[in-house]
Amino acid sequence: MNPLMKSEESCPSIKNILLLDSEGKRVAVKYFSDDWPTLNAKLAFEKSVFTKTQKTSARTEGDNYLYRAFCCVVCRFMFIHVSSLFAVYIIKAEITMFDNYIVVYKFIHDLHFYVTAGDEENELILATVLQGFFDAVGLLLRNDVEKRTALENLDLILLCIDEIVDGGYAFYAGTCYHPKMK
């Protein structure tokens, strides 16, 4: 079996990454598939996802950063690899099915973070992609994660999306690699 074929099957395929404001309007979005061929189709999808998810409990409280730091300290003390406890932290994200897509999302202040993939993808990997995007934006905005700051640093956020997902495939440190790599 060709190793590239195996990696293509095991790599999560991301359909889009959305960063919307508290009214469901675009802040930063990137689509990696042709499932929504027109701008109107993309806007309709964004509005539908926002409407379905806006009343859920995907809010991130400020004490999560302290909780995460505590987990890292405990991991180092117990000689456990830090990434093994990140699944505990990512449970703060919500997961829903929407039009045969898996949507993983979380909110902070007036920003709504979404990662969408096909219904055959692994939710935990998608939650990890969302958490990576969420953490990176938090670092780029120096924990001032608000719409105003996000718009002022839009170039950094778009670069961040490009670094996390390339051609619809999520980059992460593991056994999976991008199918186009040789």
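Located above this text is the structure these notes cover.
Each value, and the rule that gives it
- Residues numbered from 1 in each chain as written.
- Predicted model: local features only at pLDDT ≥ 70, side-chain atom pairs only at ≥ 80, totals over all residues.
- Heavy atoms only, no water.
- Helix = DSSP H or I, 4+ residues; strand = E, 2+ residues; numbered from the N terminus.
- Buried < 20%, exposed > 50% of the residue type's maximum accessible area, 1.4 Å probe, protein only.
- Contact = heavy atoms within 4.5 Å.
- Areas by Shrake-Rupley, 256 points an atom, 1.4 Å probe, with all protein chains shown as cover.
- Core = buried A, V, L, I, M, F, W, Y, C linked by side-chain atoms within 4.5 Å.
- Phe/Tyr/Trp six-rings, centres within 6.5 Å; stacked < 30°, edge-to-face > 60°.
- Pairing = 2+ DSSP bridges.
- Axes fitted to C-alpha atoms, helices over the stretch in contact; angles between N-to-C directions.
- Expected span 1.5 Å × (residues − 1).

Enquirer: Which residues make up the overall build of the protein, and what values go with them?
Expert: A count of helical and extended segments in the protein gives seven helices and seven strands. When the elements of the protein are put in sequence order from the N terminus, they spell out α-β-β-α-α-α-β-β-β-α-α-α-β-β. Among the 182 residues that make up the protein, the fraction classed as buried is 44%. Here the contacts in the protein between residues at least 6 apart in sequence split such that 58% fall between residues at least 24 apart. Taken as a whole, the protein presents about 10,300 Å² of accessible surface, with 58% of it coming from carbon and sulfur.

Enquirer: Any details on the nonpolar core? Residues and values, ideally.
Expert: Core analysis: the largest hydrophobic core is formed by 31 residues, its most contacted members being I14, I17, L19, F113, F133 and I157. Every element with two or more residues in this core is listed here: β1 (14–21), β2 (26–31), β4 (101–108), β5 (111–118), α5 (123–140) and α7 (154–164). The leading source of residues in this core is α5, at eight residues. Filtering out sequence-adjacent residues up to four positions away, F133 remains in contact with I17, L18, L19, F113, I157, C160, I161 and I164. Among the nonpolar cores identified, the runner-up in size contains 14 residues, and V29, V49, F50 and Y105 belong to it.

Enquirer: Describe the packing of aromatic side chains, and please don't skip the residues or the numbers.
Expert: Overall, the coordinates contain ten aromatic pairs when judged by the stated rule. Note on F113 and F134: the rings are 5.1 Å apart at their centroids and 75° apart in plane angle, and the pair reads as edge-to-face. Here F113, found in strand β5, pairs with F134, found in helix α5; they are 21 residues apart in sequence, far enough to count as distant. The class of F134 is buried, set by a relative accessible area of 1%. These aromatic residues form a ring-pair network of at least three members: Y31, W36, F45, F98 and Y101.

Enquirer: Now, about the sheet that holds β4: what can you tell me, with residues and values included?
Expert: The strand order across the open sheet formed by five strands is β2-β1-β5-β4-β3, and the pairing between neighbours is antiparallel. If you trace the sheet from one side to the other, it starts and ends with β2 and β3 (94–98), each paired once. Strand-to-strand, the axes of this sheet are offset by a mean angle of 20°, without reference to chain direction. In the sheet, β1 pairs with β2 via five bridges, with the strands oriented antiparallel. Looking at β2, one finds that L18 is bridged to V29. Where helix α2 (residues 39–53) meets the sheet, its contacts fall on β1, β2, β3, β4 and β5, and the angle it forms with β2 comes to roughly 115°. Of the strands in this sheet, β1, β3, β4 and β5 are in contact with α5, which crosses β4 at around 30°.

Enquirer: Please give an account of the environment of E163 that cites residues and values.
Expert: Considering the arrangement of structural elements, one finds E163 in helix α7. Considered as a pair, E163 and F133 are 30 residues apart in the sequence and their alpha carbons are 9.6 Å apart.

Enquirer: Which residues make up α2, and what values go with them?
Expert: Its 15 residues place the ends of α2 21 Å apart at the C-alpha level, agreeing with the 21 Å of an ideal helix rising 1.5 Å per residue. Next to the buried residues of α2 lie β1, β2, β3, β4 and β5.

Enquirer: Account for the pairing of β4, naming residues and giving values.
Expert: The element β4 is largely enclosed, with a buried count of eight among its eight residues. Of the two faces of β4, the one holding Y101, V103, Y105 and F107 and the one holding I102, V104, K106 and I108 are both buried throughout. When β3 meets β4, the two strands line up antiparallel, connected through five bridges. When the bridges of β4 are listed, E94 appears paired with Y105.

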